[in-house]
Structures are given as structure tokens and as C-alpha cells.
Amino acid sequence: MALADLSAAELADALATQRTAYDRIREQGLTLDLTRGKPSSEQLDLSEELMRLPQGHTAADGTDVRNYGGLAGLPELREIFAELLGVEPRQLVAGGNSSLTMMADTLKNLLLHGGVDSERPWLQEEKVTFVCPVPGYDRHFALLESLGIEMVTVPMNADGPDVEAVRRLVADDPSVKGMWLVPTYGNPTGITCSQEVAAELTAMPTAAPDFKILWDNAYALHHLTEDETKSADVLSLASAAGNPHRPVVFASTSKITFAGAGVAFLAGSPETVKWFTGHLGKSSIGPDKVNQLRHAQFFGDADGVRAHMAKHREIIKPKFDAVERILSDDLGDSGVARWTTPEGGYFVSLDVLPGTAGRVVELAKDAGVALTPAGASFPYGQDPDDTNIRLAPTLPPLAEVESAMAVVTTCVLLAAAEKLSA
Ligand code: PLP
């Protein structure tokens, strides 16, 4: 029965029951962690062969990968990932180990130099504002904040950002220069942006002539089901709409091979790629092609990547299933929680009774379960409804995910009973 429908006496009983359950958990002295979306060591082991690669040091085109050069990255690796990301190899740059660094470089270049379609560097504008679909990726927001870029939010719907809300923000205000989007299996919602929404975002009129969609496709290949959702072809849509320079696409192998030693990618219009590598050439004489070659040899081709991702799925799917099962069993009819059931990616987004997310995280911490701070998925760390909690089940072993989730659901019910009784 929904907590909100209980009589005062029944609610007092429910509160006492949850307190007892919670106190019992606290006595166990747990130390569990559902905070960050990292691969488990079992997942990292899938790529152990990389430690013995590359064989030799010569790329397919004869390049000696030990030397300087090749700013846009090794062609054979770009070919593999161009196929997977649905872009032309010449429109794809293979870089260092972090796509977040490429996003930061892109933003810094836009601020300092302006983009290919800018009238002036963004720093010369009075103000720069970004549209942020929420809940979203905390590091996106922290990056914008560190660069002095203001943030306005739009809701994330089941098919992507709320297009009408975005349209209203971008139509008349030229300070609105761009937006974030994790298009496939979003962080933390797991939502995939539909073809229709992508088409609208690439075609919508914007007051800023150099509006950018930072299309962070970090989880493009990270399917949790056999139905491998395809991302919208944002570059073609934007070209067809006459805005070819609007999207800048990012991806990486951080959660495919090694999170600290993978390869990151950037894609865009040919002009955007030239712009990016032109600026990159002032700070680098070429990427780590040894790492790129070992990745190319490890995968062989795009099907090699697909087969590898299926092995990740086998490891992490049971953890996502456990989260879903425990949330449904414990909170299904409580009326105080909603959550996403992602078909890919690394997260589950849990909405608890408004006004209790911070309390849930605090209670969980006191019971030995670390959760991502409430509000982390919102700009400036502020969730206006204090309702959202991001769950990241990939890193701990399955048994720990199960124990941690039992604590989470107890804390959700206790915090809700406290609030409703107050
Ligand atoms: N983008 C999103 C949406 C992420 O969730 C993450 C990591 O959690 C990253 C980017 C980081 O990517 P990289 O390791 O390539 O810097």
C-alpha cells in the first residue's frame, strides 16, 4: 500500500518498522559503494591481452607508431570506430585516453578562438550559457562551471531532452551557445535520444549562429540487451538541416577496454575536425599511437568490438537485474519511488519522495553504503526537488550490489516515512 495513503497510526507503525530495519542494518558495519560508474576488475580482465600488445610497431600504412606524428590518430583504429559510431573515418579523430579531455579542449578552443561558424571567440561575448538536460552527467556540469559558462536546465523526457523547452531557450537568446547531450543510454537516466528529437535539435533555429550540441556518446556500444539500440546519425541530420557544424561527437573505449588507458574519439564536420586538430597541433605532436595500434590489433574489426561488448553485458547485466528486482520488490507499491530500467549504459536513476534524496544518501552513509551525493546530477549540485539519486552498480561484485540495494530501499522508505510523519 502507498505510504501516503496510510492513516496516522499506520504511518507511525511503518516508521517504527523501518527504523528497526535500519538500526539492524547499521549494526552490521557494512562498507559498500555504489557511487561511481567504473568497470569492475572482472570487466577490465576482458582486455588483459592488451598488456601483451601491440605486436610489432608498424601500422597498416607503414607508420612507425613509436614516433611523433599522425595528429588525427591511427587510420585502422579510426576505421573500426567510424563504422561503430556511424561516421566517416575522415570525420573521426582518435586521441588520448579521455573523451572528457577532448570535450574540455573543445570548449576551451570555442572560448579562446571561436568555432568554425563563430563571429568571435566566445570569451568576447558578454555571457555564455549552456542548456543542460537533467538529470545529467556531473562532470559535464563541473566543467562548464569551471569555465564560467552559465547553465540552464531542461527536463530529460523518455525520448531525449524536452525539445520545446530547448527551442524556447535557444530561439531568441544569442548567449545560449550550446547544449550537452548523452544521446544513448544517458548518464544517469539510461534514456536514448530518438531520431525525431535528434532531427529537431539539429534543425531548430538558434539565435547563436555557432550553437553547438556536444553529443557525448560515451555509452553508444554499451547495450544491456541483445537489441543493440542505434544512436541517431547526428552528423548527417545536421548536414541535411543546413547546420553541419552544430554537433561535436565524443566517445571513448574507457568502458570498453581500460578506463584509464583507452582511446578517446571526436567526430564532426570536416571543418570541425580540421579546426580541432589545428588547435591540437599547437599542444601535441601526435597521440599515443602505440596504444591505438594495440587497440586495433586487439579488436581486429568492428565485429570484434561488438563481441567484446557482449562479454561486458554478461558480467554487468545480472547487477542491473538485481537493482531492478530489489527496487521493485521493496518499493514497487510504496508510492514513494520511481526509477529507470535502462537498456544500456552504466546507471540507474532513482527518484525518491521529493525532499528526501539528501536524507536517503545521509542515512545510507551512516549505514555504510556510499551513494553519489544527492543533487550531483544537476548543475551546481542542486536538485531543486531533492529527489534524484544516481545508482552505479557495475563496480561492486553482485553480492555487494544486492546488499547495498537492500540498504538503499530501507533508507528510501525510512526517509519517506519520516517526511510524511513530520
Ligand atoms: N561522458 C560520460 C557521459 C560519462 O559517463 C563518462 C564517464 O563516466 C565520461 C564521459 C568519461 O569519459 P572518458 O573516460 O573518455 O574521459
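As the structure is a prediction and not an experimental result, all values here were calculated from the model.

1. Describing the sheet that holds strand S9 (residues 264-267)
Item 1. Taken together, eight strands build an open sheet; the order of strands is S2-S9-S8-S7-S6-S3-S4-S5 and the sheet is mixed. At either end of the open sheet lies a strand with only one pairing partner, and these are strand S2 (92-94) and strand S5 (160-161).
Item 2. Of the pairings in the sheet, the one linking strand S6 (residues 176-181) to strand S7 (residues 212-216) comprises four bridges and is parallel in character. Within S7, the residue paired with Met 179 across the bridge is Ile 213.

2. So, the domain arrangement of the protein
Item 1. According to the domain assignment, the protein consists of domain 1 (3-43 + 306-421) and domain 2 (61-301).
Item 2. Listed as interface residues are 27 residues of domain 1 and, on the opposing side, 35 residues of domain 2.
Item 3. A combined buried area of about 2700 Å² lies between domain 1 and domain 2, and 60% of that area is made up of carbon and sulfur atoms.
Item 4. The largest per-residue losses of area from domain 1 upon contact with domain 2 belong to Arg 313, Glu 343 and Tyr 380, which jointly make up 22% of the total buried on that side.
Item 5. Where domain 1 packs against domain 2, one counts three salt bridges.

3. Some details on the side chain of Gln 18
Item 1. Relative to the elements of secondary structure, Gln 18 occurs in helix H1 (residues 8-27).
Item 2. Residue class for Gln 18 comes out buried when judged on its relative accessible area of 17%.
Item 3. Not counting chain neighbours up to four residues away, the residues in contact with Gln 18 comprise Thr 410, Leu 413 and Leu 414.

4. A few points about the pattern of salt bridges
Item 1. A full pass over the atoms with the stated rule returns 19 salt bridges.
Item 2. Arg 120 is the partner of Glu 119 in a salt bridge, and the nearest nitrogen-oxygen pair spans 3.9 Å.

5. Topic: the sheet that holds strand S13 (residues 388-391)
Item 1. Reading across from one edge, S10-S11-S13 is the order of the three strands in this open sheet, with antiparallel pairing throughout. Looking at strand neighbours, the two that pair on one side only are strand S10 (337-339) and S13, the edges of this open sheet. If you compare each strand with its neighbour and ignore which way they point, the axes differ by 25° on average.
Item 2. Relative to the sheet, helix H12 (residues 357-366) contacts strand S11 (348-352) and S13, its axis offset from that of S13 by approximately 45°.

What counts and how
- Residues numbered from 1 in each chain as written.
- Predicted model: local features only at pLDDT ≥ 70, side-chain atom pairs only at ≥ 80, totals over all residues.
- Heavy atoms only, no water.
- Pairing = 2+ DSSP bridges.
- Helix = DSSP H or I, 4+ residues; strand = E, 2+ residues; numbered from the N terminus.
- Domains from an automatic or database assignment.
- Contact = heavy atoms within 4.5 Å.
- Buried area = accessible area lost by both parts, 1.4 Å probe.
- Salt bridge = Lys/Arg side-chain N within 4 Å of Asp/Glu carboxyl O.
- Buried < 20%, exposed > 50% of the residue type's maximum accessible area, 1.4 Å probe, protein only.
- Axes fitted to C-alpha atoms, helices over the stretch in contact; angles between N-to-C directions.

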